[in-house]
Every structure is written in structure tokens, then in C-alpha cells.
Amino acid sequence: MADASAPVAKTMVYCQVCSYPPEYCEFGSRFKACKKWLQDSEPELFTHLYSDDALSAAASNLSLEAREKLAKEQAKKEAKAEAKAERLEAKKSRTKVTIKRVERNKRKHITSIQGLEHFGIDLKKAAKLFANKFATGASVSKTAAGVDEIVVQGDVSEEVEDVILEKFKEVPEDNIELTEDKPKKKAPKEVAPQPGT
């Protein structure tokens, strides 16, 4: 038995670009992308907020100078956001994921993976995925240079590459680099000549 006076929950719409409510997208840095998303996914709300009547009613309270200033500020924010997105894309395209096979002892190896964090991948979750996939130990550690890396026990470098390509679609195949790191062999000790022989 439902109570007739019970409050009804209101469904809120949030922008998938900036995560603000659509009424506040104009204060974000990606207003053009927000408007396009709103027009495609919520056409009724788009016409309510951005039709000619709605825009003229909202702008009627502003002076001409204030409107021009607001438009300049918005254009400046959008240009900054676009430049930032381009820089991130350029950085991603230059960044390499290095999968290195390191020999510990004669027959013991570890696989070291560096550079996944530049593609927005959580290293702890990736280490757990590798540990479960290969049934070995895997952990996140820092190198001597202070760079985070995933260390997987065993020689699984080629399998790691396949898993990265399968599970992490944001990493391009061209950006994956396989290397092998062998420990430097010690020079044999020279036997000092025995006196008197």
C-alpha cells in the first residue's frame, strides 16, 4: 500500500563530457563538446536550454560588453582545453611501454613493465591482472630512477604483450617495446703467478 503523499525521486541528467548538470556545462572548459553531447542524447533539454528564445531570455539581463566578455572567456577556456587534450594525445603517441626480460640467476627471470601509467592504466590493477593470468607473483615497485614499474615473476614478456593488447585497448601496438636485460658477466679472475715457480 503506497502512500499518495510520498515524495517522488527526480531523475537528474549529468553531462557525459564534463560531469556537470547540463545547466552548468557553460562553466566547464569543454562547452562545445558538452553542447554536442546534449544535442545528440537529450534533444528536449537542449532546445529548452539553447534555443534562440532561451538564449535571448538569458542574455537580456547582460549588457553588450558583458556578453562579448563572456564569449571571449568561453573561447579562451575551450582553446586551453583543446590544447591540453592535444598535448596529452601527443604525449601518449610518444610514450613507449617497455616490457623487459631480466635474468636474475642462470635460469630465473623476471619481467618488468614500464610506461603503462601514461595511458591512464592503474598499475595495481594491472599487476593483479598479470598475477592472476600467469599464476605468478606480480607487484608494483619503483626503479632506481624513481619510475613505477610492474614486476612479474617468470619469463612471460611475450605473453604480457598479448595481454596488454587484449585488455588495454588504449595502448597502441606500435608503442610496445620488448627488450632483454642480461646481467653483465664478471671477468674471470686472473691467477697471480706464484713466486718461485
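Our structure's up above, just so we're on the same page.
Note that the structure is a prediction, hence the values are computed from the model and not measured. (Residues numbered from 1 in each chain as written. Predicted model: local features only at pLDDT ≥ 70, side-chain atom pairs only at ≥ 80, totals over all residues. Heavy atoms only, no water.)

Trainee: How would you explain the overall build of the protein if you had to name every residue and give the values?
Mentor: Tallying secondary structure elements over the protein gives 6 helices and 5 strands in all. Ordering the α and β elements of the protein from the N terminus gives α-α-α-α-β-β-α-β-β-α-β. When burial is assessed residue by residue, the protein has 27% of its 197 residues classed as buried. Once local pairs closer than 6 in sequence are excluded, the contacts in the protein between residues at least 24 apart make up 50%. (Helix = DSSP H or I, 4+ residues; strand = E, 2+ residues; numbered from the N terminus. Buried < 20%, exposed > 50% of the residue type's maximum accessible area, 1.4 Å probe, protein only. Contact = heavy atoms within 4.5 Å.)

Trainee: Just give me the short version of the sheet that holds strand β5 (residues 176-181), but keep the residues and values in it.
Mentor: The sheet built from 5 strands is open, its strands ordered β3-β4-β2-β1-β5 with mixed pairing. Strand pairing shows two members of the sheet lacking a second neighbour, β3 (138-142) and β5, which therefore form its edges. On average, adjacent strands in this sheet sit at an angle of 25° to one another, irrespective of strand direction. Bridge count for β3 against strand β4 (residues 148-153) is 5 bridges, and the pairing is antiparallel. In the sheet register, Ser139 faces β4, and the bridge partner there is Val151. Against the sheet, helix α5 (residues 123-134) engages β2 (109-114), β3 and β4, with an angle of about 10° to β4. (Pairing = 2+ DSSP bridges. Axes fitted to C-alpha atoms, helices over the stretch in contact; angles between N-to-C directions.)

Trainee: Tell me about the environment of Leu165, and please be specific about residues and values.
Mentor: When you line up the elements, Leu165 lands in helix α6 (residues 157-167). The exposure class of Leu165 is partly exposed, given its relative accessible area of 25%. Put simply, Leu165 and Ile176 are 11 residues apart on the chain and 9.1 Å apart in space, counted from C-alpha to C-alpha. Residues in contact with Leu165, not counting those within four places in the same chain, are Val171, Glu173 and Ile176.

Trainee: Break down unusual backbone geometry for me, citing the residues and quoting the values.
Mentor: Although it is not a glycine, Ser19 sits at a positive phi angle of roughly 70°. Assignment of secondary structure puts Ser19 in the segment before α1 (31-41).

Trainee: How would you explain the packing of α5 against α6 if you had to name every residue and give the values?
Mentor: Where α5 meets α6, the closest approach of the two axes is 11 Å, and the angle between their N-to-C directions is 120°. Judged by the angle between their axes, α5 and α6 are oblique. Where α5 crosses over α6, the handedness of that crossing is right-handed. Residues Leu129, Phe130, Lys133 and Phe134 of α5 pack against Glu159, Val160, Val163, Ile164 and Lys167 of α6. Its residues assigned to classes, the contact of α5 with α6 comprises 6 nonpolar, no polar and 3 charged. (Parallel < 35°, antiparallel > 145°, perpendicular 65-115°, else oblique. Left-handed = near helix turned anticlockwise from the far one by under 90°. Nonpolar A, V, L, I, M, F, W, Y, C, P; charged D, E, K, R; others polar.)

Trainee: Just give me the short version of the pattern of salt bridges, but keep the residues and values in it.
Mentor: This model, assessed by the stated rule, comprises 4 salt bridges. Asp40 is the salt-bridge partner of Lys36, the closest N and O atoms lying 3.3 Å from each other. Here Asp40 and Lys36 lie together in helix α1, a separation of 4 residues that amounts to about one turn. Take Asp40: its relative accessible area is 56%, and that puts it in the exposed class. A salt bridge links Lys142 to Asp148; its shortest N-O distance comes to 3.0 Å. Looking at Lys142, the relative accessible area reads 57%, which means it is exposed. (Salt bridge = Lys/Arg side-chain N within 4 Å of Asp/Glu carboxyl O.)

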